[in-house]
Amino acid sequence: MMKPWLEVCTPHRDIRAGKLDEAVFAADLSDVVADRGPLEYRDAQLFFRETYPTQGLQRLLESVLLRLSGKGAGGAVIQIQTPFGGGKTHSLIALYHFFQHPQEAANSELGEAILRSAGVERVPETRVVTFVGTAADPLKGRTPWGELAGQLGCYDLLAEHDQRRLAPGKELLHRLLGEAPTLILMDELVEYAVKARDFQAQVLAFFQELTEAVKVQPRCALVVTLPSSAPYGEEGERVLHQLQQIFGRMEAIYTPVEGEEIYEVIRCRLFEAIHDPTEAQRTADAYWEMYQHLGNDLPQEVRDPAYRERLRRAYPFHPELIDILFERWSTFPTFQRTRGVLRLLAEVVADRYRKNDTAPLILPSHIDLSNPAIRREFLKHIGNEFDGVIASDIAGPNAKAPQIDREVGSEYARFGVASALATAIFFGSFSGGQRRGVGIQRLRLMTLREGLPPAIISDALRRLEETLWYLHEERGTYEFRSQPNLNRILVEKEEAVSQEQITAEMWARLQRLAGTEMRVILWPRTSQDVPDTRELKLAVLSPEHTRQAVGTEPLARELLERCGQPFRIYRNTLLLLVADEGELTSARQQIKRYLAYRTIQDDKALMRQLTEENRKALEGKMKDAENTIGHQLLSAYRYLAKAEDGGVRWYDLGLPTVGMKPSLADRVREYLRGEDMLLSKIAPRLIEKNLPPEEGEKSLSEIHEAFLKYPNLPMLESKQVLLEAVAKGVQEGVFGVRIGERTFYKEPLSLDQMGSDAVLVREPAELSDVGGEVKGTETDVVVQELQRPGHPPGTTGYPSGGEKTVESYTLRATIPWDRLSDFVRGVVMPLRQDGAELKVEVCLEAQSAAGIKPTTLETVKETLSQIGARVIDVSPAIPGREERG
């Protein structure tokens, strides 16, 4: 029996802790120089301990060491390349630490090997200069030559050239570099040259002069990295070509990672140690022996003795898992080469570790595509459309492959053969080039493990072909595509539409229906999702919060009254739109039907197989569904909620007119207008009521805020409505407006003149005839609006100058304990805002059949003491405590 890999080796501590940090796989030289980023890169000792010493890296370090030691050997100008595209920046960091921290380097195994191989006793004291194109600022930062001079302590020598963006000549560079050992490390040069468009020619000229200057300095080395393909389109390709010509004239090219070294690089980065190397070798040998007995059921290469060594070096991964990532997935332009492989494999190891994996090796078939982090690593390169493929056929609660495993019997269920095969096929289905799909021999290699009969794989594969919707087979090669196969497609299309798809389509259509008449917030989950702003807002509740659903009323209250923890200030700017459950069910069914039709219509290959009659019928049904869905959603979202003092008030918008296609916001706005709840005009007399007699004046900003805050006032379409009424009131002599030193009264006043300092004045001092009631139909309409049912005359939510005031108000009431906050907000605070001095006396009677604990009474007593309460009477008293009073 082979031991589980988890008993043989230990994953990296971050993997075990479930704290994968992608930055650990994203080396950045500028971060290392600035002493930031992951410790694995910043700390020289830790860096060398966790860096696998590939032959290419050793040759690179040895070459630079010989050059800087004055041995006459080693390259002057070195370009780092990797066929796979990874390890370039890692190599620069190795050079940086090796010469910037020579003691730590010399004490590492890698450093000792380099010194011994080069025949050098110690690392020479070296000036290390770095330039990273992604970190440098071409607009305001120093140029590459300015940065070089600054780090060498000779900025004055090139200050003028730096400031004028003019490349220095070779003579100046010779003076700058001098005789001391100097190492220049440059990364991401293409990106910098593309961004430095205004002086790009000077940048390229500098690099050319620098290579020539470095070449003749016996103890100077320049190491640069260039990408295998350039960003920024044609411009990037042109710059890359020019840089390759510049550095290609005299460069030595090094490859840090070659061949099967990548297996050990990956193991070194993802695992801390192999505790039992003998067991690891035994597992690799057992797999190789198994392959010998299977003959032509497997690819010829795996029976070669060299494959045994690949199994050993790749442990605990199967070589096929790493090879397919390198040979296929890495060919996608979006795949970040070594970084991408490490990140994906780290997620796989973390997933298997959490599940306490018992497998001897980690196979391609062990990749759990139901894990969101792993699935996302694949989908970012092949497209989100394959998310549905995975959910339908491979992994997830409704996927068909796991269903096959459950239905067929113990052998399938034990090994999860159908799921494993589907996963392996998916893994081998994609490539950035032409190589796609996987044959039956390689599928066995990717799936077989100890105790699994090979015959089961053939049977499971046949069942997958019969059942899965996105699996395609062509000349013995299997692959997943985003297009479904023809298995019962016409019968099952509608059944295949998931609730998630319906919800997503509903959200998209509601977004298109939202309108711009007011700000629309779709499906807020919490009150914090709806901002507390001055603009008119319409929050459309999600489908689970229908008018009939339990929990909708508390959510509505929460949205209207709060914005997160604080109370909502601008309560009179928010409206809620809620769906009718029955109407919404009809809309969801129509959306589901539409999505099924669209799936068929979007599949061109399938459409070509349909008859002309069926194609026309499908087209007609698509149009009918398209026209119906919008009307049904408008019909469903018919209930409107608005805050009112003490709760929520609901309104029924009714059914929309057939043939009309208003937006949600427009439908709500027209309803509010019809009910005189949203006004485009108001009478000056309504504003005049906002001036308390004792104050005689109030800023326009305060008046506007009142309309936004208090639900018992009408809603205004905009602030301009208020300003227009003010201008009219000034001209009619209802009140005056003071702006700065001047008071406007019975004269024209433009809206532009009324800024933030404008103050409404009830009776300007020089005028005595103010106060007569202004007649007119507009005033009458507004007054009637304020006196509609549910809004008693004069209740404006703030002091009204035209109302009779009282000097004293006494209240004795029993308040539900869970509405105390409402009592403070709706009773105490308004009285305080009127300047009233309050005296509040609390009478509390607590009854408990289970009994109230003495510790609870102690807490009550201590709280009363801390808040400075004067206790008039309490029963029973707590022994040993004195009452305050």
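Conventions adopted
Residues numbered from 1 in each chain as written. Predicted model: local features only at pLDDT ≥ 70, side-chain atom pairs only at ≥ 80, totals over all residues. Heavy atoms only, no water. Helix = DSSP H or I, 4+ residues; strand = E, 2+ residues; numbered from the N terminus. Buried < 20%, exposed > 50% of the residue type's maximum accessible area, 1.4 Å probe, protein only. Contact = heavy atoms within 4.5 Å. Areas by Shrake-Rupley, 256 points an atom, 1.4 Å probe, with all protein chains shown as cover. Core = buried A, V, L, I, M, F, W, Y, C linked by side-chain atoms within 4.5 Å. Axes fitted to C-alpha atoms, helices over the stretch in contact; angles between N-to-C directions. Parallel < 35°, antiparallel > 145°, perpendicular 65-115°, else oblique. Left-handed = near helix turned anticlockwise from the far one by under 90°. Nonpolar A, V, L, I, M, F, W, Y, C, P; charged D, E, K, R; others polar. Pairing = 2+ DSSP bridges. Salt bridge = Lys/Arg side-chain N within 4 Å of Asp/Glu carboxyl O. Phe/Tyr/Trp six-rings, centres within 6.5 Å; stacked < 30°, edge-to-face > 60°. Expected span 1.5 Å × (residues − 1). pLDDT = per-residue confidence, 0-100. Polar contact = N/O pair within 3.5 Å; in protein donor to acceptor, adjacent residues only side chain to side chain.

**As for the overall build of the protein**
Alright, step 1. Helix and strand counts for the protein stand at 39 helices and 21 strands.
Alright, step 2. For the protein, the residues scored as buried account for 50% of the 885 residues in total.
Alright, step 3. For the protein, contacts bridging at least 24 residues in sequence account for 69% of all contacts bridging at least 6.
Alright, step 4. Accessible area for the protein stands at about 43,400 Å²; split by element, carbon and sulfur atoms hold 48% of it.

**Section: the nonpolar core**
Alright, step 1. Counting 84 residues, the largest nonpolar core has Ile 266, Phe 317, Trp 329 and Phe 480 as the members making the most contacts within it.
Alright, step 2. With residues near it in sequence (within four places) discarded, Phe 317 still touches Ile 266, Leu 270, Phe 271, Ile 322, Leu 345, Val 349, Leu 361 and Ile 362.
Alright, step 3. The next biggest cluster of nonpolar side chains, apart from the first, holds 45 residues, and it includes Leu 584, Leu 653, Leu 672 and Met 715.

**Observations regarding the packing of helix α25 (residues 440–447) against helix α26 (residues 454–467)**
Alright, step 1. Orientation of α25 relative to α26, taken along the N-to-C sense of each, is 115 degrees, at an axis distance of 11 Å. On the basis of the axis angle, α25 is roughly perpendicular to α26. Handedness of the α25/α26 crossing: right-handed. Where α25 abuts α26, its residues Ile 440, Leu 443, Arg 444 and Thr 447 lie against Ile 457, Ser 458 and Leu 461.
Alright, step 2. A class-by-class count of the residues in the contact of α25 with α26 yields 4 nonpolar, 2 polar and 1 charged.

**Considerations on the packing of helix α20 (residues 372–382) against helix α21 (residues 385–394)**
Alright, step 1. Contact geometry of α20 with α21 gives a least axis separation of 8 Å together with a crossing angle of 135 degrees. Taken together, the axes of α20 and α21 lie oblique to each other. Contacts from Arg 375, Leu 379 and Ile 382 of α20 reach α21 at Glu 385, Phe 386, Asp 387 and Ile 390.

**With respect to the sheet that holds strand β9 (residues 471–474)**
Alright, step 1. Spatial strand order, β8-β10-β9: 3 strands in an open sheet with antiparallel pairing. In this open sheet, the two edge strands, each paired with only one partner strand, are β8 (438–439) and β9.
Alright, step 2. Both β8 and strand β10 (residues 477–480) contribute to a ladder of 2 bridges, which runs antiparallel. Across the sheet, residue Gly 439 finds its bridge partner in β10, namely Thr 477.

**With respect to the sheet that holds strand β19 (residues 736–739)**
Consider a sheet: its strands pair through backbone hydrogen bonds, and that pairing is either parallel or antiparallel.
Alright, step 1. Read across the open sheet, the 4 strands follow the order β17-β21-β19-β20; overall the sheet is antiparallel. With partners counted over all chains shown, the strands left at the sheet margins are β17 (697–699) and β20 (742–744), one partner each. Between one strand axis and the next, the sheet turns by 30 degrees as a mean value, whatever way the strands run.
Alright, step 2. Taken together, the 3 bridges between β19 and β20 define a ladder with antiparallel strand orientation. Bridging across to β20, Ile 739 finds its partner in Arg 742.
Alright, step 3. Those strands touched by helix α35 (residues 700–709) are β17 and β21 (759–761), and its axis lies near 75 degrees from that of β17.

**Concerning helix α24 (residues 417–427)**
Alright, step 1. α24 sits mainly inside the fold: 11 of its 11 residues count as buried.
Alright, step 2. Buried residues of α24: Val 417, Ala 418, Ser 419, Ala 420, Leu 421, Ala 422, Thr 423, Ala 424, Ile 425, Phe 426 and Phe 427, and no others.

**Quick word on the pattern of salt bridges**
Two side chains bearing opposite charge may form a pair once their charged atoms approach each other closely.
Alright, step 1. According to the stated counting rule, one finds 49 salt bridges in the structure shown.
Alright, step 2. Between Arg 638 and Asp 652 there is a salt bridge, and its shortest N-O distance comes to 3.0 Å. Of this pair, Arg 638 sits in strand β14 (residues 637–644) while Asp 652 sits in strand β15 (residues 647–652), and the two are 14 residues apart along the sequence.
Alright, step 3. Relative accessible area serves as the criterion here: at 37%, Asp 652 is assigned to the partly exposed category.

**Description of the packing of aromatic side chains**
Alright, step 1. Applying the stated criterion across every chain, the model contains 21 aromatic pairs.
Alright, step 2. Here the aromatic rings of Trp 145 and Phe 206 are separated by 5.3 Å at their centres, their planes lie at 55 degrees, and the arrangement is tilted. Placement of the pair is Trp 145 in helix α9 (residues 144–151) and Phe 206 in helix α13 (residues 200–216), with a sequence separation of 61 residues.
Alright, step 3. Classification of Phe 206 as buried rests on a relative accessible area of 0%.
Alright, step 4. Taking 6.1 Å as the distance between ring centres and 80 degrees as the angle between the ring planes, the aromatic pair formed by Phe 378 and Phe 427 counts as edge-to-face.

**Concerning unusual backbone geometry**
Alright, step 1. Of note, the bond from Tyr 315 into Pro 316 is cis; its omega dihedral lies within 30 degrees of zero at 5 degrees.
Alright, step 2. Residue placement: Pro 316 occurs in the loop between α17 (305–314) and α18 (319–327).
Alright, step 3. The phi torsion at Arg 165 lies on the positive side, around 60 degrees, for a residue other than glycine.
Alright, step 4. Locating Arg 165 in the fold gives a position in the loop between α10 (155–163) and α11 (170–177).

**Focus: the pairing of strand β5 (residues 220–225)**
Alright, step 1. Counting buried positions along β5 yields 6 of 6 residues, so the element is predominantly enclosed.
Alright, step 2. Residues Cys 220, Leu 222 and Val 224 of β5 are buried on one face, and the alternating residues Ala 221, Val 223 and Thr 225, pointing to the opposite face, are buried as well.
Alright, step 3. Taken together, the 4 bridges between strand β2 (residues 77–80) and β5 define a ladder with parallel strand orientation. Each residue of the ladder has a partner; that of Ile 80, found in β5, is Thr 225.
Alright, step 4. Where strand β4 (residues 182–187) lies against β5, 5 bridges are found, and the strand directions are parallel. Pairing of Leu 185 across the sheet is with Val 223, part of β5.

**Considering α13**
Alright, step 1. Taking 1.5 Å per residue as the helical rise, α13 with its 17 residues ought to reach 24 Å, and the 25 Å between its terminal C-alpha atoms agrees with that figure.
Alright, step 2. Of all the positions in α13, only Gln 200, Val 203, Leu 204, Phe 206, Phe 207, Leu 210, Thr 211, Ala 213 and Val 214 are classed as buried.

**So, the confidence of the model for the protein**
Alright, step 1. Per-residue confidence for the protein averages 84 on the pLDDT scale, and 87% of its residues sit at or above 70.
Alright, step 2. Contacts of residues 767–802 to residues separated by more than four positions or lying in other chains number 69 contacts, the stretch itself having pLDDT below 50.
Alright, step 3. Note on residues 879–885: pLDDT is under 50 here. Beyond four places in sequence and across chains, it has 15 contacts.

**Topic: the pairing of β10**
Alright, step 1. Pairing geometry for β9 and β10, over 4 bridges, is antiparallel. Across the sheet, residue Leu 471 finds its bridge partner in β10, namely Phe 480.

**Some details on the environment of Arg 742**
Alright, step 1. By the element assignment, Arg 742 lies in strand β20.
Alright, step 2. Classification of Arg 742 as partly exposed rests on a relative accessible area of 43%.
Alright, step 3. Not counting residues within four places of it along the chain, the set of residues in contact with Arg 742 comprises Val 737 and Glu 747.
Alright, step 4. A polar atom in the side chain of Arg 742 sits 2.5 Å from the side chain of Glu 747.

**Topic: the environment of Glu 272**
Alright, step 1. Considering the arrangement of structural elements, one finds Glu 272 in strand β7 (residues 271–274).
Alright, step 2. With a relative accessible area of 42%, Glu 272 lands in the partly exposed category.
Alright, step 3. For the pair Glu 272 and Cys 9, spaced 263 residues apart in sequence, the C-alpha separation works out to 7.6 Å.
Alright, step 4. Not counting residues up to four positions away in its chain, the partners in contact with Glu 272 are Thr 10, Pro 11, His 12, Arg 13 and Arg 16.
Alright, step 5. There is a polar contact of 3.1 Å between the side chain of Glu 272 and the backbone nitrogen of Arg 13.

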